[in-house]
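Chain by chain, the residues run as shown.
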Amino acid sequence: MAYRLEIGPRPGASDTRGALASRQALTALGLRLAAIHTRAVYIIDAVLTATEQETVRREFTDAVVEISAVGRLAPPRRFDWLIEVGFKPGVTDNVGNTARCALRDILGRDLPESARVHTATQYFIAFPPGAGGPRQARQLAENLRANPLIHSIALHAAADWRRQPPDNAAPPRHDHQPLEVKTFDLSGSDDYLREFSRKHILSCSLAEMHAIRAYFRRPAVRRARRALGLPADPTDVEVECLAQSWSEHCNHKIFAAQIDYCDERGRRQSIKSLYRTYIQRSTKQIARRRNWLVSVFTDNAGVIRFTRKHHLVYKVETHNSPSALDPYGGAMTGIVGVNRDPMGTGMGAALLCNIWGYCLGSPFYRGHLPAGLMHPRRIRDGVHQGVIEGGNQSGIPWMRGWEFFDDRFIGKPLIFCGTVGLLPVNVNGRPSQRKEVRPGDLLVMMGGRIGKDGIHGATFSSGELQEDSPAQAVQIGDPITQRKMYECLLEARDRGLYRCITDNGAGGLSCSAGEMGRLSGGVELDLARAPLKYQGLQPWEILLSEAQERMTLAVPPNRVRALLRLARRRDVEATVLGRFTDSGVFLIRHGARTVGRLDLRFLYGGCPTMRLAARWRPPRRKPPRRPAPGRRDRELRQLLQSLNLCSREFKSRQYDGEVKGLSVVKPFIGVHCDMPADATVMRTDYLSPEGIVLAEGINPFYSEIDTGAMAAAVVDEAVRRAVSAGADPDHLAGLDNFCWPDPVQSPKIRDGQYKLAQLVRACQALYDTTIAFDVPCISGKDSCKNDSTRGGRLISIPPILLFSTIGKIADVRRAVTMDVKQPGDLVYMAGMTAPELGASAFYRLLAEQQGRPASIGGRLPGLDAAMARRTYGAVHRAIQAGLLRSSHTPTRGGLAAALAFTALGGDLGLEINLDNLPAAGRLSPDEKLFAESNSRFIITADPGQAARLETIFKGVPFARLGRVMRRKILDVRGGGGILLLSRLSDLRRAFKQTLHGL
């Protein structure tokens, strides 16, 4: 029996959900609403007495500001349309899950397995007279309030609803399919194999399909299968498991490929694995000189030594394809999913903070959107909300956040999420980073249940976004369930109740069980034991589902009872699903029936190596025309207003950055706490002086000219930002996240060889720069299929490397921020400025004004790594000596924007003369103001410390440029004339107005 409970605002009380929907309808869709009323709906699918129904109604309702009814509330006096939005069958309903727990507590009794609570939201819409009809109502429903992929939408005209309200108290039901294990005949032609891979969303190449077919034809494999009662042909369980494990998402085939690279001079180079040749090799070489690397590239996240008691754990992931289908759910699973990476690293880390970053189309996009694509504004709103709720409900603060805008991201947004964790050096007498599984250990799954959500997530993310991309790849995280699991796991870790742990990420149990089975030498899994969200899942779906909030553990048999007792006490589900062996085989059963058998050696080593060609030809692009010499006040204001320099404070403030109370240098700093910090600093506890420094570098615009220069620049940016805040340059680690358009040549990707050459150059530059700076990569991720063909139009992202740094500051009281502090302080520039305006924010502004394409030429910033390292050492020594009042690193917008930000941060003026600027040759005023040269710092200091400071900076480019003053203007001169003369109030208004309220 199902009961309907409706709850709405009491007359006279504010309807905040309705107010938000009304504002979004106007700003996002241009629809003006005369009135809107919202209500929460609960469909309670359980047997309750009349008294219990009334008790639940009363407890679910805030009697001060809400009214409610079992059944239906009376409708508002005036409305034109009713929109009711709920979740489709099988989609995670977080509020419903929480309501079920509350229902159990209210009733004081356990509920049967079949009891569920489903939720929906009603929107009673009134349009201005003559301004709204069914088309507008449908547009409001499908383009703003719901996503047809995951939501059911009911639309009712007021007259029809008043005559006979629909009876939709019945909960959504999932269509159950009879249990079936299919076998596949792979003896067909090449065309058949290609179509088979496409039809089943395997994302397997022809060579991979041939390898799978050959494996199942091996005599030894056939004998082993006969002994188990398996057919000669592979089962769906086996084919799907192989496809997941071999997917680009999991196996990183492009980075492991054999590449024939030819540069612009015709010189050839054979590269066997970009990853091993450039990324891993760099870290191995640096490890000889750095003794604080603990675990790199072997676990879910990188681990470095922090103090004698603790290690730091860091991972940054992407969740691009799911976020394109459902921004809210995709981004939420991005943040709660990356939380599980540190949780599953070593013996399990405590979670300290989150980072996020998004590459999106302009929220003001006015161009044509291909069919099937959401407007960038809607994607942005959903992505922010997903990460906000995922992080806030998990009780984990954010410490870094950024956004990048370009209309090439309308096809596929890039959603970066990261988490920092703290790992004890030792756990129960053994090194905490060491993973160990022994034959006989039990395989236990802990956390959420398995559903259809997330099936084919890894293979789907390994291809382009198409019109037929699977809806079941969408997931919605449940941070409350994960939080309970997390706290349970920390207690279990400290009590020694498990031997090994990893997360159920891409590929679900197929990957977590298989990867842990490699440590013991084999694994047996019984899918019939798996707890399901609903009945009717096929064995291959249970194995592959990426449903969230799950971890896999190896538990000694003598500890399993204690673990299960702890889980019950913590209200966390834990189930024994199998055991680890030393058979060399991944054996998969469903009850008494064997449904799959795969040799681990083939599963993890049988994927054929790709052989690819890369050809580099430098693009030829002209710079825009420069305006006549003169003051650049207007240009500076326009730069500060531009999407890639303006304030992101409005959305960022909705994230919780203060839970735990450990932040020192916060994401926004300055007198008014409204300037973005170069880097953030946080403690790991309340007593120790040591702190963590976090920063990043990203600039996809440089990729238009040379991805090698781009990669060097973003590494330099991330390093100097961390050093600017006080990080020790000798204790700094990096994470590389590559997001690339498809670099494999094909009829669809005709410039694949060029894009692959771009990737080669970026990897080479990453190697050179990390070696030069002694900054090892400790973790990373690549995503090389960031294209969309929805609506019949190919849209590819620009090549991107996000380089994130994590470092140590010995005493957080020495941390430095970018805002000027005191009138009379001296302003210095450390570092060399060169005529490097290529792809700069200034050139992009000019090109936009001149109606030129976004692809802009010119000279990109170069990198003198040896000089940069000496400069960073001098900055660090000055900070250690307490000589710097402020420090800031110019990046996008050059020196002009950097001077504006430092002045705005302190709400104090600057008097600057650029005649003394350390420069490479004779520079024009525009080059001095707007060049984005690397390795530079603007610093301020007490005049009484000038001699000491200048002594420290001997041997590097360094000069005094001016002073801080009380008068709130930015006064920049050079060559006998005024270059900038702007009031801070005008600059602040320009900086903050663009995205305010959005």
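Above this text sits the structure in question.
> Would you take a moment to explain the overall build of the chain for this structure?
If you tally the helices and strands in the chain, you get 30 helices and 41 strands. Here the chain has a C-alpha radius of gyration of 29 Å; the compact-globule value for 998 residues is 30 Å, and the two agree. Put simply, the chain has 998 residues, and 62% of those count as buried. Considering only contacts within the chain whose residues lie at least 6 apart along the sequence, 83% involve residues at least 24 apart. For the chain, the accessible surface area stands at approximately 37,000 Å², while carbon and sulfur atoms represent 49% of it. With 137 positive and 101 negative side-chain charges, the chain shows a separation of 3 Å between the mean positions of the two kinds.

> Explain the nonpolar core here, please?
Nonpolar side chains tend toward joint burial in soluble globular proteins. Counting 156 residues, the largest nonpolar core has Ile259, Phe738, Leu759, Ile806, Leu949 and Phe953 as its most contacted members. Among the elements that line this core, the one with the most residues is helix α23 (residues 707–725), at 11 residues. Apart from the residues lying within four places of it in its own chain, the contact partners of Leu949 are Tyr828, Ala878, Leu883, Leu884, Ile939, Ala941 and Phe958.

> Explain the sheet that holds strand β12 (residues 350–360) to me, please; I cannot follow it from the model alone.
The pairing of strands in a sheet comes from backbone hydrogen bonds and takes either a parallel or an antiparallel form. With mixed pairing, the six strands of this open sheet are ordered in space as β9-β10-β11-β14-β12-β13. Across the chains shown, the open sheet's two edge strands, defined by having one partner strand only, are β9 (293–295) and β13 (398–405). Each neighbouring strand pair of the sheet contributes to a mean axis angle of 20 degrees, computed without reference to strand direction. Here four bridges tie strand β10 (residues 302–305) to strand β11 (residues 310–318), and the two strands are oriented antiparallel to one another. What sits directly across from Val303, in β11, is Val313.

> So what exactly am I meant to see when it comes to the pattern of salt bridges here?
Side chains that carry opposite charge are capable of pairing whenever their charged atoms lie near each other. Counting across every chain of the model gives 72 salt bridges. A salt bridge links Asp774 to Arg290, with the shortest nitrogen-to-oxygen separation between them at 3.5 Å. Separated by 484 residues along the polypeptide, Asp774 in the loop between α24 (752–773) and β31 (777–783) and Arg290 in the loop between α11 (274–287) and β9 bring together distant segments of the chain. The same class applies to Asp774 and to Arg290, which are both buried. A salt bridge links Lys651 to Asp381; its shortest N-O distance comes to 3.1 Å. In this pair, Lys651 sits in helix α22 (residues 649–652) while Asp381 sits in helix α14 (residues 376–394), placing the two residues 270 residues apart along the sequence.

> Looking at this model, I keep getting lost on the pairing of strand β37 (residues 909–913). Mind explaining?
The two faces of the sheet receive side chains in turn, since in a regular strand these alternate between them. One ladder, built from four bridges, connects β37 with strand β39 (residues 958–965); its direction is antiparallel. Note on β39: the bridge partner recorded for Ile912 is Gly962. As judged from the four bridges shared by β37 and strand β40 (residues 969–974), these two strands associate in the parallel manner. Note on β40: the bridge partner recorded for Glu911 is Asp971.

Cut-offs applied
- Going along each chain's sequence as written, the residues are numbered from 1 onward.
- In view of the model being predicted, local features appear only for residues whose pLDDT reaches at least 70, and side-chain atom pairs are presented and counted only at 80 or more, with totals across whole chains, interfaces and linings using the full set of residues.
- Think of the side-chain values as coming from all heavy atoms in the structure, minus any hydrogens and water.
- Put simply, DSSP marks the helices as runs of H or I at least four residues long and the strands as runs of E at least two long, and each gets a number from the N terminus on.
- The globule rule is 2.2 Å times the number of residues to the power 0.38, and the radius of gyration it is compared with is taken over C-alpha atoms.
- Only protein chains enter the accessibility calculation, which uses a 1.4 Å probe; a residue whose area is less than 20% of its type maximum is buried, one above 50% is exposed, and one in between is partly exposed.
- Residues are treated as being in contact if the distance between any of their heavy atoms lies within 4.5 Å.
- Surface exposure here means Shrake-Rupley accessible area, sampled with a 1.4 Å probe, where a residue is shielded only by the protein chains that are shown.
- When charges are counted, Lys and Arg contribute as positive and Asp and Glu as negative, whereas His and the chain ends are disregarded.
- The atoms used to mark charge sites are NZ of Lys, CZ of Arg, CG of Asp and CD of Glu.
- Here the nonpolar core consists of buried residues drawn from Ala, Val, Leu, Ile, Met, Phe, Trp, Tyr and Cys, with membership extended through side-chain atoms lying within 4.5 Å.
- Strands were regarded as paired on the criterion that DSSP finds at least two bridges between them.
- Axes here refer to lines fitted to C-alpha atoms; in helices the fit is confined to the stretch in contact. Angles between the N-to-C directions go from 0 to 180 degrees.
- Here, a salt bridge means any side-chain nitrogen of Lys or Arg that lies within 4 Å of a carboxyl oxygen of Asp or Glu.

Coordinates in, geometry out; function isn't part of it.
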